[in-house]
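Spelled out from the first residue to the last, the chains are:
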Amino acid sequence: ISVFTGTEGTKVSLSGKSPDVLHIATHGYYFTPDEAQEVELVKGYKDAMMLSGLIMSGSNVSANEISRLDLSATQLVVLSACQSGVGRATSEGLYGLQRAFKQAGVHTLVMTLWNIDDNVTQQFMAKFYERLVATSWDKHRAFREARSFIAAKYPDSPNLWACFVMID
């Protein structure tokens with residue numbers, strides 16, 4: 001197991017051996033081409049793979065850069081980051097982090113569709129990994145049970161649990 005925290009969580013830390021599970025807890029971003037004109041980070045870009053990415057220590061990593069990684073042995077990527085499942089919808093699918101990680105070879109992703117509450121995210125992730133171990137790494141069952149746990153805890157706030165999605 002390799003753990004990179006704080007300033008160790010760099011773009012370079014992603015370019016090593018393809019792990020079985022990759023959990024990235026950071027901030028994600030996606031901008032439309034119009035929004036990009038107001039944001040220095042992505043100003044001038046039109047390609048959705050350059051308009052989405054993850055904020056890492058030292059420098060950010062775009063979806064385009066992620067798509068060129070070799071993550072073919074990675075069974076599961078968990079993006080504990082706001083809006084990590086957002087992108088530009090086309091007739092060929094969604095362009096953004098989802099496409100990037102799939103092009104890199106990842107089998108399954110856990111992502112979010114909008115801004116998420118840090119406390120609820122921590123609860124969801126703790127339950128998800130607890131259930132992963134308890135179900136002998138049945139990632140789909142663990143995901144369903146973690147989402148159900150959050151939904152039962154916050155029944156009047158679907159925005160707190162419906163933001164989590166699993167993509168194969």
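The model shown is predicted, which means the values in this text are computed figures rather than measured ones.

(A) Focus on unusual backbone geometry. Located in the positive-phi region is Ser136, a residue other than glycine, with phi close to 55°. Here Ser136 lies in the loop between helix 4 (118-134) and helix 5 (139-153). Since its relative accessible area comes to 63%, Ser136 is described here as exposed. Positive phi is not limited to glycine here, since Trp137 has a value of about 65°. Tracing the backbone shows Trp137 in the loop between helix 4 and helix 5.

(B) Quick look at the packing of aromatic side chains. Per the counting criterion, the structure on display carries five aromatic pairs. For the pair Tyr29 and Phe31, a centre-to-centre distance of 5.9 Å together with 35° between the ring planes defines the contact as tilted. Assessed through its relative accessible area of 8%, Tyr29 is described here as buried. Site record: aromatic cluster; members linked through ring pairs are Phe124, Phe128, Tyr129, Phe143 and Phe164. Sitting over the ring of Tyr95, Arg99 keeps its end group 3.9 Å from the ring centre. One Lys or Arg, Lys127, reaches over the ring of Phe149 and ends 4.5 Å from the middle of that ring.

(C) Quick peek at the confidence of the model for the protein chain. Here the protein chain averages 89 in pLDDT, and 98% of its residues register 70 or above. Between the elements of the protein chain, mean pLDDT differs from a low of 78, seen in strand 7 (residues 93-96), to a high of 97, seen in helix 5.

(D) Spatial organisation of the sheet that holds strand 9 (residues 164-167). One open sheet accounts for four strands, arranged 1-5-8-9; its pairing is mixed. If you trace the sheet from one side to the other, it starts and ends with strand 1 (21-25) and strand 9, each paired once. Across the sheet, the mean angle from the axis of one strand to that of its neighbour is 10°, orientation sign disregarded. Summarising the sheet, strand 8 (residues 108-112) and strand 9 pair through four bridges and their orientation is antiparallel. For Val110, the partnering residue across the bridge sits in strand 9 and is Met166. Of the strands in this sheet, strand 1, strand 5 (76-80), strand 8 and strand 9 are in contact with helix 4, which crosses strand 5 at around 160°.

(E) Expanded view of the sheet that holds strand 2 (residues 27-30). Here three strands make up an open sheet; going across it, the order is 2-3-4 and the pairing antiparallel. Where the open sheet ends on each side, the last strands, each with one partner, are strand 2 and strand 4 (61-62). Both strand 3 (residues 52-55) and strand 4 contribute to a ladder of two bridges, which runs antiparallel. Each residue of the ladder has a partner; that of Leu54, found in strand 4, is Val61.

(F) Here's a closer look at the pairing of strand 1. Only one face of strand 1 is covered, namely the face carrying Leu22 and Ile24; the face carrying Val21, His23 and Ala25 is uncovered. Across five bridges, the pairing between strand 1 and strand 5 is parallel. Note on strand 5: the bridge partner recorded for Ala25 is Ser80.

Analysis parameters
Residues numbered from 1 in each chain as written. Predicted model: local features only at pLDDT ≥ 70, side-chain atom pairs only at ≥ 80, totals over all residues. Heavy atoms only, no water. Helix = DSSP H or I, 4+ residues; strand = E, 2+ residues; numbered from the N terminus. Buried < 20%, exposed > 50% of the residue type's maximum accessible area, 1.4 Å probe, protein only. Phe/Tyr/Trp six-rings, centres within 6.5 Å; stacked < 30°, edge-to-face > 60°. Lys NZ or Arg CZ within 6 Å of the ring centre and 35° of its normal. pLDDT = per-residue confidence, 0-100. Pairing = 2+ DSSP bridges. Axes fitted to C-alpha atoms, helices over the stretch in contact; angles between N-to-C directions. Contact = heavy atoms within 4.5 Å.

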